[in-house]
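# Remarks on the overall topology
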Amino acid sequence: MDNKITVHTDIEKGKINKNIYGHFAEHLGRCIYEGIWVGEEASIPHIQGIRQDVLKALQKLNIPVLRWPGGCFADEYHWQDGVGPKEARKRMINTHWGGVVENNHFGTHEFMLLCELLEAEPYICGNVGSGTIQEMSEWVEYMTLDGESPMANWRKENGRDRAWKLPYFGVGNESWGCGGNMKAEYYADLYRRYQTYVRKYGENKIYKIAGGANSVDYHWTEVLMREAVSYMDGLSLHHYTSPGDFFKVKGSATNFSVEEWYFGLHKTFFMDELITQHSAIMDKYDPEKRVGMIIDEWGNWYDVELGTNPGFLYQQNSIRDALTAALHFHIFHKHCTRVQMANIAQMVNVLQAMILTDGEKMIVTPTYHVFDMYQVHQDATYLSVESVVEKIEEFELELEAVSVTASKSEDGRIHVSVCHLHHQNETKVDLEFKGLHQDLEALTATILSGESLDAHNTFDQPNAVTVKEFDQYIVHENYVELSIPPRSIVTLCIN
Ligand code: AHR
């Protein structure tokens, strides 16, 4: 059976917030240090300490928002240690991640510079677990108050005259775990208290994000919504995917069987179920959908690469990761009226990264290419799609072989992205358009495909998996017939 897809270009189902294409960079392993920050003295080309090659690659993605400094690190981070002359900055131990020395050379000013260079909006996560309300409140004052105040004056002494724009602030991270092992009821009260002092200075209105649930902890969402809904703009959710058992053997990023291929893909669809369940709870307390669901940590989490520091969470990244990233976007699009931001974990050298570095060398990953191909959906209107597709039945799992998402950008262009999950067979897809004004002959397409199940880029073969022009299609009057290879992602653009 072939796959039949109908895109209704005149049935609009909401706006895809560009922030679901957000990122996350933590002081973890080689994400910040080496991956992003090499320091002003480095021989690697840099802009005020931020490495140029990584920056250039990331700039291409149009990253809308960047979360920092953690993660678990956020609840041990004391921002005052990371401002002022570098030589005087306190050295601390990064107890969560490898027990290494953190010299605090990458702090608030450096992060804001990174955001400016990326043209991304900053999303800062404050310390509730081991920090005081005063500390959190003064950080906001330091960053956003223009004019005269102790913190604003200190910022100026440290070289930044104007206040920064800070649109997003998270009040703690994983407060149910590394952020303080709290109960939902206790955190809800703390959240109400801490957020009170996240002030609006001048025009800088802050979108306040409450620390949300771990995966299926629906009780957490219930309590937070019940007790604190009117004090928040967003509520976070964290969920990671491993093909194996997260607490035992998670599985390898590259060395895996066909069975693990399907386990990894199949588990990705659980995100749909999770969002549906958490949304139902949020709907009870917020039927207007004022509060955004902020999935500020998601992605694949494997066993670390052999020989690397287990606390650094360094893993390779294959075409399977590209597919799961794309499937996540299809799910986020589907829930675009509630999901207002998502931040993949993490940007460089950690978990499902965009970029891997080795000293001065750098490569982009298959996941990077998905962010590149899918940026056309940022801030676009989500369109209705009907599909009748082949089922894959393998290893007692059942999943649809083809997944499709479609959107219309502000200038009227239609973009359709198609994932084909089969591990070895090519497939045909008939893509029909209803209500289309454009000429289908004006279609262009790109493809990301893997030669093998674990096709990935290495420092020796940096372009083993890369985006190519796609021309395996025939245009008919109101539909396109696509021949899609296995393990592939195609994005079509109708101008
Ligand atoms: O992204 C790695 C870690 O996963 C984060 O620090 C933490 O928030 C989560 O448990």
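Details of the structure are given in the entry above.
To keep things clear, this report deals only with the structure shown in the data block. For clarity, every value in this text was computed on a predicted model and none was experimentally measured.

Moving on to the site of the ligand. In the neighbourhood of the ligand, 13 residues make up the surrounding shell, with Glu26, Cys72, Glu174, Tyr240 and Glu297 lying closest. At 2.7 Å from an oxygen atom of the ligand is found a side-chain nitrogen or oxygen belonging to Glu26. Within the side chain of Glu297, a nitrogen or oxygen atom sits 2.7 Å from an oxygen atom of the ligand. Contact with the protein chains covers 93% of the free accessible surface of the ligand, which is 280 Å². Of the residues in the shell around the ligand, the class split is 7 nonpolar, 3 polar and 3 charged.

Okay, the nonpolar core next. Ranked by internal contacts, the top residues of the largest apolar core, which has 147 residues, are Ile36, Phe169, Ile295, Trp298, Phe332, Val416 and Ile489. Looking at which element gives the most residues to this core, the answer is helix α9 (residues 319-334), with 9 residues. The next biggest cluster of nonpolar side chains, apart from the first, holds 6 residues, and it includes Val65, Tyr123, Tyr168 and Ile294.

Time to look at the pattern of salt bridges. Inspection of the entire model under this criterion finds 28 salt bridges. Arg338 is the salt-bridge partner of Asp286, the closest N and O atoms lying 2.7 Å from each other. You can see Asp286 sitting in the loop between α8 (270-285) and β12 (292-300) and its partner Arg338 sitting in the loop between α9 and β13 (339-345), a full 52 residues away along the chain. Like Arg338, Asp286 is buried. Between Asp358 and Lys361 there is a salt bridge, with its nearest N and O atoms 3.9 Å apart. Its relative accessible area of 43% is what places Lys361 among the partly exposed residues. The network of salt bridges with common partners includes Glu40, Lys86, Arg89 and Glu110.

Right, let's get into the sheet that holds strand β9 (residues 168-171). Judged by pairing direction, the barrel is parallel, and its 8 strands sit side by side in the order β2-β5-β8-β9-β10-β11-β12-β13 before closing back on the first. The sheet shows a mean angle of 30 degrees between the axes of neighbouring strands, taken without regard to direction. Pairing geometry for strand β8 (residues 121-126) and β9, over 4 bridges, is parallel. Looking across to β9, one finds that Tyr123 is bridged to Tyr168.

Relative to the helices and strands, Asp189 resides in helix α5 (residues 184-196). For Asp189, a relative accessible area of 49% translates into the label partly exposed. Along the backbone, Asp189 and Ala74 are 115 residues apart, and their C-alpha atoms lie at a distance of 20 Å.

Turning to the sheet that holds strand β25 (residues 479-484), a few remarks are in order. Taken together, 10 strands build an open sheet; the order of strands is β23-β22-β26-β20-β19-β16-β1-β21-β25-β24 and the sheet is mixed. Each edge of the sheet is formed by a strand with only one pairing partner; in this case those strands are β23 (468-469) and β24 (473-475). Here 7 bridges tie strand β19 (residues 402-408) to strand β20 (residues 414-420), and the two strands are oriented antiparallel to one another. Paired with Val402 across the strands is His420, a residue of β20. Along the sheet face, α9 touches β16 (381-388), β19, β20, β22 (443-449) and β26 (488-494) and points at about 130 degrees away from the line of β20.

This paragraph deals with helix α3 (residues 133-144). Relative to the 16 Å expected for 12 residues at 1.5 Å per residue, α3 spans 17 Å between its end C-alpha atoms, a close match to the ideal helical length. For α3, the buried fraction is high: 11 of the 12 residues fall into the buried class.

Our focus in this paragraph is the state of the cysteines. For the structure on display, the rule yields 1 disulfide. The disulfide bridge from Cys72 ends at Cys178, spanning 2.2 Å between sulfur atoms. When the S-S torsion is -90 degrees, as for the bridge of Cys72 with Cys178, the disulfide is left-handed. Within this pair, whereas Cys72 is found in the loop between β5 (65-68) and β6 (92-94), its partner Cys178 is found in the loop between β9 and α5, the two being separated by 106 residues in sequence. Here Cys419 is not disulfide-linked; the sulfur of Cys336 is the nearest cysteine sulfur, at 17 Å. Look at Cys419 and you get buried, because its relative accessible area is 0%.

Here we come to the packing of α3 against helix α4 (residues 150-157). Where α3 meets α4, the closest approach of the two axes is 7 Å, and the angle between their N-to-C directions is 55 degrees. Put simply, α3 runs oblique to α4. In this structure, the crossing between α3 and α4 has a hand that is right-handed. Where α3 approaches α4, its residues Glu138, Glu141, Tyr142, Met143 and Thr144 are matched on the opposing element by Pro150, Met151, Ala152, Trp154 and Arg155.

What follows concerns the packing of aromatic side chains. Summed over all chains, the structure comprises 28 aromatic pairs. With a centroid separation of 6.3 Å and 90 degrees between ring planes, the pair formed by Tyr21 and Phe371 is classed as edge-to-face. Placement of Tyr21 in the loop between β1 (3-15) and β2 (22-24) and of Phe371 in helix α10 (residues 366-374) is noted, with a sequence separation of 350 residues between them. A residue is classified by how much of its surface remains accessible, and Tyr21, at 1% relative accessible area, is buried. Summarising the aromatic geometry, the rings of Trp79 and Trp154 are spaced 5.6 Å apart at their centres and angled 55 degrees between planes, so their arrangement reads as tilted. Residue Trp79 is found in the loop between β5 and β6, and its partner Trp154 is found in helix α4; the two are separated by 75 residues along the sequence. Note that Arg67 overlies the ring of Phe24, its terminal NZ or CZ placed 4.7 Å from the centroid. Here Lys250 stacks its cationic end above the ring of Phe246, 4.8 Å away from the centre of that ring.

Here we take up the pairing of β25. Of the strand pairs in this sheet, strand β21 (residues 427-434) and β25 are connected by 6 bridges, and their pairing is antiparallel. Note on β25: the bridge partner recorded for Leu431 is Val480. Bridge analysis of β24 against β25 gives 3 bridges, and the strand direction is antiparallel. Note on β25: the bridge partner recorded for Ile474 is Glu481.

The rules we used
Each chain has its residues counted from 1, following the order in which its sequence is written. A pLDDT threshold of at least 70 governs which residues receive local features in this predicted model, and a stricter bar of 80 or more applies before side-chain atom pairs are shown or counted, although totals over entire chains, interfaces and linings include all residues. For the side-chain quantities, the full set of heavy atoms in the structure was used; hydrogens and water were omitted. Near, as used in this document, describes a residue that has one of its heavy atoms within 4 Å of the molecule or strand being considered. Counting of polar contacts relies on pairs of N or O atoms within 3.5 Å, with two restrictions inside protein: one atom must be capable of donating a hydrogen and the other of accepting it, and residues adjacent in sequence are counted only when both atoms are side-chain atoms. Here the Shrake-Rupley method, with its probe set to 1.4 Å, supplies the accessible areas, and only the displayed protein chains count as covering residues. Just so you know the grouping, Ala, Val, Leu, Ile, Met, Phe, Trp, Tyr, Cys and Pro go in nonpolar, Asp, Glu, Lys and Arg go in charged, and all remaining residues, Gly too, go in polar. By nonpolar core is meant a set of buried Ala, Val, Leu, Ile, Met, Phe, Trp, Tyr and Cys residues that side-chain atoms within 4.5 Å join together. Type-normalised accessible area, obtained with a 1.4 Å probe on protein chains alone, sets the label of each residue: buried when under 20%, exposed when over 50%, and partly exposed for intermediate values. Numbering of helices and strands starts at the N terminus; helices are DSSP runs of H or I of at least 4 residues and strands are runs of E of at least 2. Salt-bridge detection follows one rule: a side-chain nitrogen of Lys or Arg within 4 Å of a carboxyl oxygen of Asp or Glu. Two strands make a pair as long as DSSP finds a minimum of two bridges between them. Axes here mean lines fitted to C-alpha atoms, for a helix over just the part in contact, with angles spanning 0 to 180 degrees between N-to-C directions. In what follows, residue pairs with any heavy atoms lying within 4.5 Å of each other are defined as contacts. The span one expects for a helix is its residue count, reduced by one, times 1.5 Å. By definition, disulfides here are pairs of cysteine sulfur atoms that lie within 2.5 Å. Any angle that falls under 35 degrees is termed roughly parallel, while one over 145 is termed roughly antiparallel, one within 65 to 115 roughly perpendicular, and all others oblique. Left-handed describes a crossing whose near helix is turned anticlockwise from the far helix by less than a right angle; the clockwise case is right-handed. Under the pairing criterion, centres of Phe, Tyr and Trp rings, with the six-membered ring standing for Trp, must be within 6.5 Å; the plane angle then separates stacked pairs below 30 degrees from edge-to-face pairs above 60, leaving the rest tilted. Whether a charge sits over a ring comes down to the Lys NZ or Arg CZ being within 6 Å of the ring centre and within 35 degrees of the ring normal.

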